[in-house]
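A closer look at the structure
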Amino acid sequence: SYPICSFEFAFVLQNWAQAYSSQVATDQMRELVDYLLVAVRPQTQRSLSLAGYAPLPENFRQIAEDGIRSISYFDYTTLPI
């Protein structure tokens, strides 16, 4: 049988500087944050029905976006895309 729904999780540390020191470049961090933000942005969520998927509930989507925007690297904090 197939599940009716499932979740995908991305575990990302909020403070990359403490976790990885200088081993991860700022542009790599920014690419990850951009990827995650695109996945939860309202436009992307609205388009999911075309592929047969249901969007995230708005309150969950907002929690996910807030968490993604809290990721930082040294003095760099995510900016809106």
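Quick summary incoming for the structure in this document. (Residues numbered from 1 in each chain as written. Predicted model: local features only at pLDDT ≥ 70, side-chain atom pairs only at ≥ 80, totals over all residues. Heavy atoms only, no water.)

**Some points on the nonpolar core**
As a rule of thumb, nonpolar side chains are buried together in soluble globular proteins. Using the following cut-off: We define a nonpolar core as any set of buried Ala, Val, Leu, Ile, Met, Phe, Trp, Tyr and Cys residues linked to one another through side-chain atoms lying within 4.5 Å. The buried label goes to any residue with under 20% of its type's maximum accessible area, the exposed label to any with over 50%, and the partly exposed label to all in between, with areas taken from a 1.4 Å probe on protein chains only. Only DSSP runs of H or I reaching four residues or more are called helices, and only runs of E reaching two or more are called strands; each is numbered from the N terminus. The contact definition used throughout considers only heavy atoms, calling two residues in contact when any of these lie within 4.5 Å.
In terms of nonpolar packing, the biggest core is built from eight residues, these being Trp 16, Met 29, Val 33, Leu 36, Leu 37, Val 40, Ile 68 and Ile 71. The element contributing the most residues to this core is helix H2 (residues 26-40), with five residues. Apart from the residues within four sequence positions on either side, Leu 36 is in contact with Ala 10, Val 12 and Ile 68.

**A look at the side chain of Glu 65**
With respect to the helices, strands and loops of the structure, Glu 65 is situated in helix H4 (residues 58-69). Given the relative accessible area of 14%, Glu 65 is considered buried.

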